[in-house]
Amino acid sequence: MSARLIDGKTLAEELRTAFKARVAALAARGQRPGLAVILIGEDPASQVYVRNKVNACEAAGLFSQKLVYPVDVAQAEVLAKLAELNADPAIHGILVQLPLPRHFDEKAVLEAIAPAKDVDGFHAENAGALAQGAPRFIPCTPYGVMKMLEANGIDPAGREAVVIGRSNIVGKPMALLLINAGATVTVCHSRTRDLAAHTRRADILVAAVGKPRFVTADMVKPGAVVIDVGINRLPPEEGGKLCGDVDFNAVKDVAALITPVPGGVGPMTITMLLANTIEAAEREAGRGGDKRHA
Ligand code: NDP
């Protein structure tokens, strides 16, 4: 039997359509949500991600500002720009595209973003709020996954959920969201012994590993919901296409629901960035915020 697809592309489009009314309501109050994106260096994947984020902002009627720095820029210069953006009333959300060049202290950069504008949700204050079950901004990728579960009628409460990956960007916040939603959560990583014994118990299996086709059919419980966060570029000899962390063609015959790559989690990530930026602007408007870029 073949699994039903969880279509992230269509859901992302539906959500973006729904955002229009919120952006219009802000415009009626003289407000336009504004996102500043900082890109350091010339990593090709980062360039694509930043371009997609900026384009998505434009399409949704948001104001966006892209700030590009050479790879050898001094950290102090970026921190000074962040301080400026923190104080800029036209900017409601700030994100620094990761990964950063080696000479940067990632923690220091992320902590320099005002928590109220930290739309990626990576600031320690926001990570702590999520851990306590009262999030201010939910990191976009796991937020998108939760929206996909919700839209497909999957309530994590009482289910066994297994997350492969423990990064601060995906794995950890994903696990926290599933815990907050009532799932019994296991987090696996490179030190996990007998990974398949864990994954085979999962009613909901989330793969955020960064290894193409890592999750094979024998690792999946029949009838499971499989969420593939991975975005991997296959080598030219294998066609050079994008590929997830899940062996889709084999796993779709075991799972009940599965996300494709591309067209699954990817489009949801940028959508939730828009959601967080609009939310930040709405909060500011609630406090009687500014009228620039209206
Ligand atoms: P990281 O490299 O930061 O984390 C990967 C995780 O996988 C680590 O926790 C690592 O364990 C674990 N891991 C590695 N090898 C194994 C193994 N053999 N067995 C079990 N666990 C293993 O990656 P990210 O979390 O940033 O991203 C994960 C994937 O998701 C990537 O493909 C990335 O491109 C993609 N991604 C997709 C997004 C989207 O919008 N769809 C957004 C962000 C990321 P350990 O901690 O022990 O090293």
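Residues numbered from 1 in each chain as written. Predicted model: local features only at pLDDT ≥ 70, side-chain atom pairs only at ≥ 80, totals over all residues. Heavy atoms only, no water.

### Describing unusual backbone geometry
Residue L98 is joined to P99 through a cis peptide bond whose omega torsion reads 0 degrees. You can see P99 is positioned in the loop between β4 (93–96) and α4 (106–111). Here V261 and P262 are connected by a cis peptide whose omega angle stands at 0 degrees. Take P262: it is sitting in the loop between β11 (257–258) and α10 (265–286). One non-glycine residue with positive phi stands out, namely D194, at about 50 degrees. With respect to the helices and strands, the residue D194 is situated in the loop between β6 (184–188) and α8 (195–199). You will see that R213, though not glycine, has its phi angle at about 55 degrees, which is positive. Its place among the elements puts R213 in the loop between β7 (204–207) and β8 (225–228). (Helix = DSSP H or I, 4+ residues; strand = E, 2+ residues; numbered from the N terminus.)

### Here's the deal with the pattern of salt bridges
This model, assessed by the stated rule, comprises 11 salt bridges. When the shortest N-O distance is used, the salt bridge between E125 and R136 registers 3.2 Å. Residue E125 is located in helix α5 (residues 124–131), and its partner R136 is located in the loop between α5 and α6 (140–151); the two are separated by 11 residues in the primary sequence. Judged by relative accessible area, E125 falls into the partly exposed class, the value being 44%. Owing to a relative accessible area of 31%, R136 belongs among the partly exposed residues under this scheme. A single salt-bridge network, built from bridges that share partners, covers R22, E279, E282 and R283. (Salt bridge = Lys/Arg side-chain N within 4 Å of Asp/Glu carboxyl O. Buried < 20%, exposed > 50% of the residue type's maximum accessible area, 1.4 Å probe, protein only.)

### Observations concerning the pairing of β7
Consecutive residues of a regular strand have side chains that alternate between opposite faces of the sheet. Neither face of β7 is exposed, since I204 and V206 on one face and L205 and A207 on the opposite face are all buried. Of the strand pairs in this sheet, strand β5 (residues 160–164) and β7 are connected by 4 bridges, and their pairing is parallel. Of the residues in β7, the one forming a bridge with I164 is A207. (Pairing = 2+ DSSP bridges.)

### Focus: the domain arrangement of the chain
Annotation of the chain at the domain level lists domain 1 (30–115) and domain 2 (140–266). The distance between the C-alpha centroids of domain 1 and domain 2 comes to 28 Å. (Domains from an automatic or database assignment.)

### Notes on the sheet that holds β6
Taken in spatial order, the 6 strands make up an open sheet running β1-β11-β8-β7-β5-β6, and their pairing is parallel. Taken across any chain shown, the strands that pair with only one partner, and hence form the sheet edges, are β1 (4–5) and β6. In terms of strand pairing, β1 meets β11 through 2 bridges, oriented parallel. Within the sheet, the bridge partner assigned to R4 lies in β11 and is L257. Its contacts with the sheet place helix α7 (residues 171–180) against β5, β6 and β7, and it is angled at close to 170 degrees to β5. (Contact = heavy atoms within 4.5 Å. Axes fitted to C-alpha atoms, helices over the stretch in contact; angles between N-to-C directions.)

### Here we look at the side chain of T186
For T186, the location among the structural elements is in strand β6. Assessed through its relative accessible area of 18%, T186 is described here as buried. Ignoring anything within four residues of it in the chain, the contact list for T186 reads A161, V162, V163, H198 and R201.

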